[in-house]
Structure formats: C-alpha cells, structure tokens
Amino acid sequence: MCFIVFDWQPGARRLTLASNRDEFYERPTARADFWATEGHPDLLAGRDLRGGGTWMGITRAGRWAALTNVREMHRHLEDAPSRGDLVADYLRGDATPETYARTVQERGASYNGFNLLLGEVNPQRSALWYVSNRTDEPRQLDAGRYGLSNAALDTPWPKVVRGRAHLDRVLDTVPPAQVSDRLLSALADDARAPDDALPDTGIGLDWERILSPIHIASPTYGTRAATVLQVAGSCVALTEQAYGPTGRLGDPRRFAFMSTEDMSA
C-alpha cells in the first residue's frame, strides 16, 4: 500500500479510509476476499502471493490494519522479511493494537522501512495506533483526518495534501450513500505534482514524477487496487477496484457485513 487517507472517529466508532496499493504488475496477487482456504474465514483482505502477507485487511470482529512502505533506496535490505506479514499476523491474532504496535517496534529493525496502522473498531472497543520503524515510539491516534504515503504519517507530499483535500470535500459535502463511489473516483486522480514540489527519495527525477500522483500508471508499475473501507459501529463495507497495466480498469468487488461482536450480543 502506498497511499492512504482516512477519517477516524473513535467516539462514534466510525472509520472511513481510502487507499491505493501500488506495485509492479508482474507481482502475483489475489484480490480481496475472505481467507477461508487459509483457515481464517473471518479475515477479509487481498493477498501477496509472493510474500504471503497483505497490505490491508479487516476481520469480522472489526480488527483492521494497513501498511505503506517507506521509500528510501539507500537503506534497502535485500534479505528483509516481507512487510505484509506485519498486517497478516495482526489480523490473525488477538493482541490489542497497542500491544502489537509495541511488539512490532521492538523487532522493526529487521524490516525495510514501513508505516503500519493498527485498529480495532466495533461496538465494544475503538482504538487506532500508528507505528513505524523510521520514527520514535508508537502512538495512539486521536479523532481526526490523516494522510499517509511513503514517508511518516502526515508528511505533506503533494499526493497526501491533494488526497486530504479530496477526503475533506467528499466527507463534508457528499451524501453518505455516495461516499464510497466518490472516494474511488478520488483515488483515480492521476494529476502529477510539479517538479519543485517533489520529494527526493533517491530514485531519480523521472521516477519521482511517475510516482507523484495519487493514482500511478506506467507500463511496469502502478496502482493495482483502490480500496474504500467504511466502518460505522457494527456495519462494515469494503469496496475494491482493480487496475491493470497502464491503468486498465478491472472489475470492482464489494463486501458488506455486520461485525461478530454485534451479532453475538
């Protein structure tokens, strides 16, 4: 996952998250679905078929997590474990977001750079923690709107600033029934940033330009999936829009369910 904007309202037990997963098109991937064949029928996520983990997912109990990589070519570890395991292990486990975040912080040096959001939102509990192996201590996030790309949380890269503006406009002006589709449209924003606003992450100017939009499209690398996740109390909805090389549109997938916490009450 390379781009996330989200609105977090723990008091109302509400989350609205819009994200793009950017990856090489040749990397084998399974679309979002429940992991029944892996022995976890309550876990909804895509799957990296090479590394085995995932970039984002949620369970029927309202546990959710999402990951972005930190772009830093000068610190790349060739033999590092897959960062997608950090998401999958949390979703398959039962540790609280805080406990898991602190565990990840302790062993984070073995991974390449990452940002990890760890949440729980259901009628009984609401918490969200942010942890990165490129920042200091993990921290619990208060209510608010946030943006995350391939640097630390709320680093004002052009795509983060632009994405936050899209999120504000949709949430502040669009009827709730239309929010998901409007956010998917925002995730398709392919406007490039001007050169003088680009970060310098060691990949060269041509690639900084290619990677600067919210939605990336090139012959070899780009946005593979756009996802909108909405949680309101016990109601969960996830929509995934697939993309192919050069931005070719694939089929959308939509999921909706009630959290098991509420069903067992």
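Residues numbered from 1 in each chain as written. Predicted model: local features only at pLDDT ≥ 70, side-chain atom pairs only at ≥ 80, totals over all residues. Heavy atoms only, no water.

Novice: For this particular structure, what's the right way to read the sheet that holds strand 2 (residues 14-24)?
Specialist: Each strand in a sheet pairs with another by means of backbone hydrogen bonds, the pair being arranged parallel or else antiparallel. The strand order across the open sheet built from six strands is 10-1-2-11-12-13, with neighbouring strands paired in antiparallel fashion. What marks the edges here is a single partner per strand, and that holds for strand 10 (144-148) and strand 13 (249-258). The sheet shows a mean angle of 10° between the axes of neighbouring strands, taken without regard to direction. Here helix 4 (residues 179-187) sits on the sheet and contacts strand 1 (3-9), strand 2, strand 11 (221-232), strand 12 (235-243) and strand 13; the angle it forms with strand 11, its principal contact strand, is near 155°. (Pairing = 2+ DSSP bridges. Helix = DSSP H or I, 4+ residues; strand = E, 2+ residues; numbered from the N terminus. Axes fitted to C-alpha atoms, helices over the stretch in contact; angles between N-to-C directions. Contact = heavy atoms within 4.5 Å.)

Novice: Would you explain the environment of A109 in this entry?
Specialist: Assignment of secondary structure puts A109 in the loop between helix 2 (97-107) and strand 7 (114-121). Taking the relative accessible area as the measure of exposure, A109 reaches 69% and is therefore exposed. On a C-alpha basis, the gap between A109 and R134 in space is 8.9 Å, while along the polypeptide they are 25 residues apart. (Buried < 20%, exposed > 50% of the residue type's maximum accessible area, 1.4 Å probe, protein only.)

Novice: How should the pattern of salt bridges be read in this particular structure?
Specialist: Two side chains carrying opposite charge are able to pair once their charged atoms lie near each other. Using the criterion set out here, one finds 20 salt bridges in the structure. Note that D168 is salt-bridged to R145, the shortest N-O span being 3.0 Å. Of this pair, D168 sits in helix 3 (residues 158-173) while R145 sits in strand 10, and the two are 23 residues apart along the sequence. The salt bridge involving R164 is made with D168; its shortest N-O contact spans 4.0 Å. Residue R164 and its partner D168 are both found in helix 3; the two are separated by four residues, about one turn of the helix. Overlapping salt bridges, with partners in common, bring together D7, R145, R164, D168 and D172 in one network. (Salt bridge = Lys/Arg side-chain N within 4 Å of Asp/Glu carboxyl O.)

Novice: Help me out: how do you make sense of the sheet that holds strand 5 (residues 56-59) in this one?
Specialist: One open sheet accounts for seven strands, arranged 3-4-5-6-7-8-9; its pairing is antiparallel. The two strands at the open ends of the sheet, each matched to only one other strand, are strand 3 (29-35) and strand 9 (139-140). Where strand 8 (residues 126-132) and strand 9 come together, two bridges link them in antiparallel fashion. Residue pairing for strand 9: Y130 is matched across the bridge by R139. The strands touched by helix 1 (residues 84-92) are strand 3, strand 4 (40-48), strand 5, strand 6 (63-69) and strand 7; relative to strand 6, the strand with the most contacts, the crossing angle is about 175°. Packing of helix 2 onto the sheet brings it into contact with strand 7 and strand 8, and relative to strand 8 it is tilted by some 5°.

Novice: How should I be thinking about unusual backbone geometry in this particular structure?
Specialist: Negative phi is the rule for most residues except glycine; trans is the rule for most peptide bonds. Positive phi values are uncommon outside glycine, yet R13 reaches one of about 55°. Considering the arrangement of structural elements, one finds R13 in the loop between strand 1 and strand 2. We note that D154 has phi near 65°; this positive angle belongs to a residue other than glycine. With respect to the helices and strands, D154 occurs in the loop between strand 10 and helix 3. You can call D154 partly exposed: its relative accessible area is 34%.

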